[in-house]
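Below are the chains, spelled out letter by letter.
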Amino acid sequence: MNIGQQYPVTSATFISASPGINHCPPPNIPEYAFIGRSNVGKSSLINMLLQRKNLARTSGTPGKTRLINHFLVNEKWYIADLPGYGYAKVSKKERAAWQNMIQKYLLERTNLLNTFILVDIRISPQTNDLEMLRWLGKAELPFAIAFTKTDKLKRQQLAKAIQNYASLLEQEWEELPLSFVTSSNTAAGRDEIFEFIEEQNRGFAS
Ligand code: GTP
Ligand code: MG
(Lines give C-alpha, C1' and ligand atoms only; values in the text may rest on other atoms or scores of the structure.)
(Ligands and ions follow the chains in the order given, each with its own letter.)
Protein backbone atom coordinates (compact mmCIF):
# COMPACT_ATOMS: atom_id res chain seq x y z
CA MET A 1 0.00 0.00 0.00
CA ASN A 2 1.18 3.48 -0.78
CA ILE A 3 -1.39 5.57 0.98
CA GLY A 4 -0.53 9.14 1.94
CA GLN A 5 3.21 8.92 1.33
CA GLN A 6 3.65 11.42 -1.47
CA TYR A 7 4.66 14.55 0.34
CA PRO A 8 8.01 14.61 2.09
CA VAL A 9 8.23 16.56 5.31
CA THR A 10 11.91 17.34 5.64
CA SER A 11 11.51 19.35 8.81
CA ALA A 12 8.76 19.89 11.36
CA THR A 13 9.37 21.86 14.53
CA PHE A 14 7.32 23.06 17.43
CA ILE A 15 7.60 26.85 17.55
CA SER A 16 5.38 28.14 20.33
CA ALA A 17 2.28 27.73 22.47
CA SER A 18 0.33 31.00 22.50
CA PRO A 19 -2.52 32.06 24.77
CA GLY A 20 -3.85 34.35 22.02
CA ILE A 21 -3.20 35.98 18.66
CA ASN A 22 -0.87 38.61 20.13
CA HIS A 23 1.58 35.91 21.16
CA CYS A 24 1.60 34.03 17.85
CA PRO A 25 4.73 34.04 15.65
CA PRO A 26 5.02 36.80 13.00
CA PRO A 27 2.43 36.26 10.23
CA ASN A 28 4.91 36.27 7.38
CA ILE A 29 4.40 32.76 5.97
CA PRO A 30 1.27 30.73 5.11
CA GLU A 31 -0.66 29.20 7.99
CA TYR A 32 -3.31 26.47 8.32
CA ALA A 33 -5.44 26.08 11.43
CA PHE A 34 -6.95 22.85 12.73
CA ILE A 35 -10.05 23.18 14.90
CA GLY A 36 -12.78 20.90 16.12
CA ARG A 37 -14.36 19.32 19.15
CA SER A 38 -12.22 18.07 21.93
CA ASN A 39 -10.88 14.60 21.18
CA VAL A 40 -11.86 14.72 17.48
CA GLY A 41 -8.26 13.97 16.51
CA LYS A 42 -6.67 17.36 15.70
CA SER A 43 -3.27 16.62 17.19
CA SER A 44 -3.28 13.09 15.76
CA LEU A 45 -4.07 14.38 12.27
CA ILE A 46 -1.24 16.91 12.52
CA ASN A 47 1.21 14.18 13.57
CA MET A 48 0.02 11.99 10.71
CA LEU A 49 0.48 14.81 8.18
CA LEU A 50 3.92 15.65 9.50
CA GLN A 51 4.89 11.99 9.93
CA ARG A 52 6.00 12.64 13.49
CA LYS A 53 4.86 10.44 16.33
CA ASN A 54 4.07 12.85 19.11
CA LEU A 55 5.04 16.31 17.91
CA ALA A 56 1.53 17.54 18.64
CA ARG A 57 0.54 16.07 22.00
CA THR A 58 -2.32 13.62 21.75
CA SER A 59 -4.29 12.11 24.55
CA GLY A 60 -7.28 10.02 25.50
CA THR A 61 -8.30 12.83 27.85
CA PRO A 62 -10.25 15.57 26.08
CA GLY A 63 -9.14 19.17 26.50
CA LYS A 64 -5.44 18.42 26.22
CA THR A 65 -4.58 21.30 23.89
CA ARG A 66 -5.25 24.60 25.68
CA LEU A 67 -3.10 27.00 23.70
CA ILE A 68 -2.51 27.77 20.03
CA ASN A 69 0.41 25.53 19.14
CA HIS A 70 2.44 26.52 16.10
CA PHE A 71 4.50 24.06 14.08
CA LEU A 72 6.85 25.13 11.31
CA VAL A 73 6.81 22.77 8.32
CA ASN A 74 9.66 22.49 5.81
CA GLU A 75 10.82 25.94 6.99
CA LYS A 76 8.04 27.38 4.82
CA TRP A 77 4.64 27.36 6.48
CA TYR A 78 2.81 26.93 9.78
CA ILE A 79 0.28 24.55 11.16
CA ALA A 80 -1.71 25.85 14.14
CA ASP A 81 -3.20 23.26 16.50
CA LEU A 82 -6.08 24.94 18.32
CA PRO A 83 -7.76 23.99 21.59
CA GLY A 84 -10.84 21.82 21.13
CA TYR A 85 -14.37 22.96 21.86
CA GLY A 86 -17.37 21.20 23.31
CA TYR A 87 -15.58 19.73 26.28
CA ALA A 88 -18.32 19.18 28.85
CA LYS A 89 -16.22 19.69 31.97
CA VAL A 90 -15.38 23.28 31.10
CA SER A 91 -17.18 26.15 32.87
CA LYS A 92 -19.37 28.61 30.97
CA LYS A 93 -16.84 31.34 31.61
CA GLU A 94 -13.96 29.27 30.27
CA ARG A 95 -15.97 28.34 27.22
CA ALA A 96 -16.72 31.99 26.46
CA ALA A 97 -13.05 32.88 26.89
CA TRP A 98 -12.08 30.08 24.48
CA GLN A 99 -14.59 31.28 21.94
CA ASN A 100 -13.36 34.87 22.11
CA MET A 101 -9.76 33.83 21.82
CA ILE A 102 -10.35 31.54 18.83
CA GLN A 103 -12.67 33.89 16.99
CA LYS A 104 -10.23 36.76 17.36
CA TYR A 105 -7.44 34.54 16.07
CA LEU A 106 -9.48 33.32 13.09
CA LEU A 107 -10.68 36.80 12.16
CA GLU A 108 -7.40 38.66 12.58
CA ARG A 109 -4.65 36.21 11.67
CA THR A 110 -3.60 37.72 8.34
CA ASN A 111 -1.52 34.77 7.08
CA LEU A 112 -4.22 32.18 7.77
CA LEU A 113 -4.98 30.63 4.37
CA ASN A 114 -7.39 27.94 5.48
CA THR A 115 -9.04 26.44 8.53
CA PHE A 116 -9.56 22.71 8.64
CA ILE A 117 -12.57 21.94 10.76
CA LEU A 118 -12.41 18.37 11.94
CA VAL A 119 -15.53 16.26 12.26
CA ASP A 120 -15.67 12.79 13.81
CA ILE A 121 -17.44 10.72 11.16
CA ARG A 122 -18.59 8.10 13.69
CA ILE A 123 -20.98 10.38 15.55
CA SER A 124 -24.16 12.12 14.45
CA PRO A 125 -23.77 15.76 13.33
CA GLN A 126 -23.13 17.92 16.39
CA THR A 127 -24.69 21.31 17.03
CA ASN A 128 -21.41 22.96 17.96
CA ASP A 129 -19.74 21.77 14.74
CA LEU A 130 -22.62 23.06 12.65
CA GLU A 131 -22.50 26.36 14.52
CA MET A 132 -18.78 26.66 13.92
CA LEU A 133 -19.27 25.98 10.20
CA ARG A 134 -22.00 28.61 10.07
CA TRP A 135 -19.81 31.12 11.86
CA LEU A 136 -16.91 30.54 9.46
CA GLY A 137 -19.24 30.91 6.50
CA LYS A 138 -20.76 34.12 7.83
CA ALA A 139 -17.32 35.57 8.49
CA GLU A 140 -16.36 34.55 4.93
CA LEU A 141 -13.34 32.69 6.16
CA PRO A 142 -12.03 29.89 3.93
CA PHE A 143 -12.41 26.46 5.47
CA ALA A 144 -12.54 22.78 4.63
CA ILE A 145 -13.99 19.85 6.53
CA ALA A 146 -11.75 16.95 7.49
CA PHE A 147 -13.68 13.86 8.54
CA THR A 148 -11.61 12.00 11.13
CA LYS A 149 -11.30 8.45 12.45
CA THR A 150 -12.63 7.02 9.19
CA ASP A 151 -10.65 3.82 9.78
CA LYS A 152 -13.16 2.95 12.49
CA LEU A 153 -16.02 2.45 10.02
CA LYS A 154 -16.49 -0.17 7.37
CA ARG A 155 -16.38 1.12 3.83
CA GLN A 156 -20.17 1.11 3.36
CA GLN A 157 -20.89 2.67 6.75
CA LEU A 158 -18.37 5.35 5.95
CA ALA A 159 -19.90 6.17 2.58
CA LYS A 160 -23.31 6.38 4.22
CA ALA A 161 -22.11 8.61 7.05
CA ILE A 162 -20.42 11.00 4.61
CA GLN A 163 -23.54 11.07 2.45
CA ASN A 164 -25.64 11.89 5.54
CA TYR A 165 -23.39 14.75 6.47
CA ALA A 166 -23.42 16.10 2.93
CA SER A 167 -27.23 15.99 2.80
CA LEU A 168 -27.41 17.94 6.03
CA LEU A 169 -24.99 20.57 4.75
CA GLU A 170 -26.88 20.84 1.48
CA GLN A 171 -29.85 22.20 3.41
CA GLU A 172 -27.81 25.22 4.47
CA TRP A 173 -25.08 25.71 1.93
CA GLU A 174 -25.45 26.59 -1.70
CA GLU A 175 -22.23 24.85 -2.44
CA LEU A 176 -20.88 21.91 -0.47
CA PRO A 177 -17.75 22.83 1.46
CA LEU A 178 -14.53 21.16 0.39
CA SER A 179 -13.98 18.03 2.46
CA PHE A 180 -11.30 15.44 3.14
CA VAL A 181 -11.72 11.88 4.34
CA THR A 182 -8.91 11.24 6.78
CA SER A 183 -7.48 8.74 9.22
CA SER A 184 -4.46 9.23 11.42
CA ASN A 185 -4.07 5.47 11.55
CA THR A 186 -3.97 4.75 7.82
CA ALA A 187 -2.79 8.18 6.55
CA ALA A 188 -5.92 8.41 4.41
CA GLY A 189 -6.39 11.96 3.16
CA ARG A 190 -2.74 12.95 3.58
CA ASP A 191 -1.92 13.31 -0.12
CA GLU A 192 -5.14 15.24 -0.78
CA ILE A 193 -4.56 17.66 2.10
CA PHE A 194 -0.95 18.29 1.06
CA GLU A 195 -1.95 18.83 -2.54
CA PHE A 196 -4.43 21.42 -1.35
CA ILE A 197 -1.91 23.08 0.96
CA GLU A 198 0.79 23.24 -1.72
CA GLU A 199 -1.66 24.91 -4.06
CA GLN A 200 -2.59 27.48 -1.40
CA ASN A 201 1.09 28.08 -0.63
CA ARG A 202 1.77 28.86 -4.28
CA GLY A 203 -1.07 31.40 -4.15
CA PHE A 204 0.48 33.06 -1.08
CA ALA A 205 3.85 33.38 -2.82
CA SER A 206 2.45 35.14 -5.89
P1 GTP B 1 -7.87 17.88 22.24
O2 GTP B 1 -6.49 18.41 22.10
O3 GTP B 1 -8.18 17.37 23.59
O4 GTP B 1 -8.90 18.85 21.75
O5 GTP B 1 -8.00 16.55 21.32
P6 GTP B 1 -7.54 16.32 19.82
O7 GTP B 1 -8.62 16.76 18.89
O8 GTP B 1 -6.20 16.90 19.57
O9 GTP B 1 -7.51 14.73 19.72
P10 GTP B 1 -6.24 13.75 19.78
O11 GTP B 1 -5.44 13.85 18.53
O12 GTP B 1 -5.54 13.93 21.07
O13 GTP B 1 -6.97 12.31 19.70
C14 GTP B 1 -7.95 11.90 20.63
C15 GTP B 1 -8.07 10.39 20.64
O16 GTP B 1 -8.57 9.90 19.39
C17 GTP B 1 -6.75 9.66 20.86
O18 GTP B 1 -6.99 8.56 21.71
C19 GTP B 1 -6.35 9.20 19.47
O20 GTP B 1 -5.56 8.04 19.47
C21 GTP B 1 -7.70 8.93 18.81
N22 GTP B 1 -7.63 9.15 17.34
C23 GTP B 1 -7.30 10.31 16.73
N24 GTP B 1 -7.34 10.18 15.39
C25 GTP B 1 -7.70 8.91 15.12
C26 GTP B 1 -7.92 8.15 13.90
O27 GTP B 1 -7.79 8.64 12.76
N28 GTP B 1 -8.31 6.86 14.04
C29 GTP B 1 -8.49 6.28 15.26
N30 GTP B 1 -8.88 5.00 15.29
N31 GTP B 1 -8.29 6.94 16.42
C32 GTP B 1 -7.90 8.24 16.37
MG1 MG C 1 -5.04 18.17 20.75
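Everything numeric here is computed off the predicted structure, so don't read it as measured data.

Procedures and definitions
Residues numbered from 1 in each chain as written. Chains lettered and ligands numbered in written order. Predicted model: local features only at pLDDT ≥ 70, side-chain atom pairs only at ≥ 80, totals over all residues. Heavy atoms only, no water. Helix = DSSP H or I, 4+ residues; strand = E, 2+ residues; numbered from the N terminus. Rg over C-alpha atoms; globule rule 2.2 N^0.38 Å. Buried < 20%, exposed > 50% of the residue type's maximum accessible area, 1.4 Å probe, protein only. Contact = heavy atoms within 4.5 Å. Areas by Shrake-Rupley, 256 points an atom, 1.4 Å probe, with all protein chains shown as cover. Lys, Arg positive; Asp, Glu negative; His and termini not counted. Charge placed at Lys NZ, Arg CZ, Asp CG, Glu CD. Core = buried A, V, L, I, M, F, W, Y, C linked by side-chain atoms within 4.5 Å. Phe/Tyr/Trp six-rings, centres within 6.5 Å; stacked < 30°, edge-to-face > 60°. Pairing = 2+ DSSP bridges. Axes fitted to C-alpha atoms, helices over the stretch in contact; angles between N-to-C directions.

Peer 1: Before we move on, can you summarise the overall build of the protein with the specific residues and values?
Peer 2: Check the secondary structure of the protein and you find five helices and seven strands. When the elements of the protein are put in sequence order from the N terminus, they spell out β-β-α-β-β-α-β-α-β-α-β-α. Here the C-alpha radius of gyration of the protein, 16 Å, is about what a compact globule of 206 residues would show, namely 17 Å. Across its three principal directions, the C-alpha atoms of the protein cover 45 × 45 × 35 Å. Counting over 206 residues, the protein shows a buried share of 50%. When contacts within the protein are restricted to residue pairs at least 6 apart in sequence, those whose partners lie at least 24 apart make up 75%. On the protein, roughly 11100 Å² of surface is accessible, and the fraction owed to carbon and sulfur atoms is 49%. Distance from the positive charge centre (24 side chains) to the negative charge centre (19 side chains) of the protein: 11 Å.

Peer 1: Quick rundown of the nonpolar core? Include the residues and the values.
Peer 2: Counting 29 residues, the largest nonpolar core has L82, Y105, L106, I117, L133, I145 and Y165 as the members making the most contacts within it. Sorting the residues of this core by element identifies β2 (31–36), α2 (92–108), β5 (112–120), α3 (127–138), β6 (143–148) and α4 (155–170) as the ones contributing at least two each. With near-sequence residues (within four places) excluded, L133 lies in contact with I117, F143, I145, Y165, L169 and W173. Counting residues in hydrophobic clusters, the runner-up holds 27 residues, among them Y7, A12, L113 and L118.

Peer 1: Explain unusual backbone geometry to me, and be specific about the residues and the numbers.
Peer 2: With phi around 55°, Q51 is a residue other than glycine that occupies positive phi space. Following the sequence through the fold, Q51 ends up in the loop between α1 (42–50) and β3 (68–73). What makes Q51 partly exposed here is its relative accessible area of 38%. Of note, the phi angle at N74 is positive, near 50°, even though the residue is not glycine.

Peer 1: Before we move on, could you go through the packing of aromatic side chains and cite the residues and values that matter?
Peer 2: Centre distance and the angle of the planes are the two values used to describe a pair of aromatic rings. Evaluated as defined, the whole model comprises twelve aromatic pairs. Judged by centre distance (5.9 Å) and plane angle (55°), the rings of F116 and F180 are tilted. Residue F116 is located in strand β5, and its partner F180 is located in strand β7 (residues 179–181); the two are separated by 64 residues in the primary sequence. Given the relative accessible area of 0%, F116 is considered buried. Residue class for F180 comes out buried when judged on its relative accessible area of 6%.

Peer 1: Could you give me a rundown of the sheet that holds strand β4 (residues 77–81), with the residues and numbers involved?
Peer 2: Here seven strands make up an open sheet; going across it, the order is β1-β3-β4-β2-β5-β6-β7 and the pairing mixed. A single partner strand is all that each edge strand has here, and the edge strands are β1 (12–18) and β7. Adjacent strand axes in the sheet meet at a mean angle of 25°, parallel and antiparallel pairs treated alike. Two elements, β3 and β4, share five bridges in a ladder whose sense is antiparallel. By the bridge assignment for β4, H70 is matched with A80.

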